[in-house]
Amino acid sequence: MAVRHHLIHASPDAVWAVLADGSRYCEWVVGTSGSRPMDGDWPQVGSEIEYTVTLGPWTASNRTVVRRHEPPHHLELEADSGWLGTARIALEIRPWGEETLVILDEHPLRGPGGRLHNTAVDAVAQVRHRTMLARLAQAVERGPKHTRTAV
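Our subject in this report is the structure included herewith.

Section: the overall build of the protein
Thought 1: When helices and strands are tallied, the protein shows four helices and seven strands.
Thought 2: Going from the N terminus to the C terminus, the protein shows its helices and strands as β-α-α-β-β-β-β-β-β-α-α.
Thought 3: Against the compact-globule benchmark of 15 Å for 151 residues, the protein has a radius of gyration of 15 Å, which places it among compact chains.
Thought 4: With the C-alpha coordinates aligned to their principal axes, the bounding extent of the protein is approximately 40 × 35 × 30 Å.
Thought 5: Taken across its 151 residues, the protein has 42% of its residues classed as buried.
Thought 6: Across the protein, every contact between residues at least 6 apart in sequence was considered, and the portion connecting residues at least 24 apart equals 50%.
Thought 7: Here the protein has roughly 7,800 Å² of accessible surface; of this, 56% comes from carbon and sulfur atoms.
Thought 8: Charge-centre separation for the protein: the mean point of 16 positive side chains lies 5 Å from the mean point of 18 negative side chains.

Okay, here's the thing in structure tokens:
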């Protein structure tokens, strides 16, 4: 299981504001190049966003569904990665004095990704999570401005 934490120099409400904006998903989730709300009222349970992944000339779109929503402390998502299956992405937002401690727990849930899950996959996930949490911190500290929303 790949668990990582990061201290963000902002309030839990500021962190939650970024997480609660489905169009900003692509700002902090590594590997995405665009995102937009799809179904429901993000981040209510069952709501979805569509995200795009671009690798050179190759582009694919998938969706992420909210599975748990307890503002401003817990957000759990199930990200669909196509033929690889889905992953559970759990974010815990804890007040830490005047700052916020964010704990990220992600692991494969369904499909081949879950069956092939091992320590090597977790090691790669740790690198991805370090970047993802740093990007979340940057998005929070930047405030409401964002530029990449098109899918």
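Points about the environment of T59
Thought 1: Mapped onto the elements of the fold, T59 is located in strand β4 (residues 58-70).
Thought 2: On the basis of relative accessibility, which here comes to 48%, the residue T59 falls in the partly exposed class.
Thought 3: Apart from the residues lying within four places of it in its own chain, the contact partners of T59 are T52, V53 and T54.

As for helix α1 (residues 12-19)
Thought 1: Of all the residues in α1, the buried ones are P12, V15, W16, V18 and L19. Seen along its axis, α1 keeps its buried residues to an arc of 160 degrees; they face one direction.

Remarks on the nonpolar core
Thought 1: Membership of the largest hydrophobic core comes to 27 residues, with the highest contact counts inside it found for I8, V15, L19, Y25, W28, L77 and L136.
Thought 2: If you list the elements that add at least two residues to this core, you get α1, α2 (25-28), β3 (48-55), β5 (74-80), β6 (86-96), β7 (99-110) and α4 (119-142).
Thought 3: In terms of residue count, α4 provides more of this core than any other element does, six residues in total.
Thought 4: If sequence neighbours within four positions are ignored, L77 has contacts with Y25, W28, W42, T64, V65, V66, R67, A87, R88 and I89.

What to know about the side chain of E50
Thought 1: Position of E50 relative to the elements: it lies in strand β3.
Thought 2: For E50, a relative accessible area of 17% translates into the label buried.
Thought 3: Reaching out from E50, the side chain makes a polar contact with the side chain of R36 at a distance of 2.8 Å.

Here is what the cut-offs are and how they apply
- Residues numbered from 1 in each chain as written.
- Predicted model: local features only at pLDDT ≥ 70, side-chain atom pairs only at ≥ 80, totals over all residues.
- Heavy atoms only, no water.
- Helix = DSSP H or I, 4+ residues; strand = E, 2+ residues; numbered from the N terminus.
- Rg over C-alpha atoms; globule rule 2.2 N^0.38 Å.
- Buried < 20%, exposed > 50% of the residue type's maximum accessible area, 1.4 Å probe, protein only.
- Contact = heavy atoms within 4.5 Å.
- Areas by Shrake-Rupley, 256 points an atom, 1.4 Å probe, with all protein chains shown as cover.
- Lys, Arg positive; Asp, Glu negative; His and termini not counted.
- Charge placed at Lys NZ, Arg CZ, Asp CG, Glu CD.
- Arc of directions from axis to C-beta.
- Core = buried A, V, L, I, M, F, W, Y, C linked by side-chain atoms within 4.5 Å.
- Polar contact = N/O pair within 3.5 Å; in protein donor to acceptor, adjacent residues only side chain to side chain.

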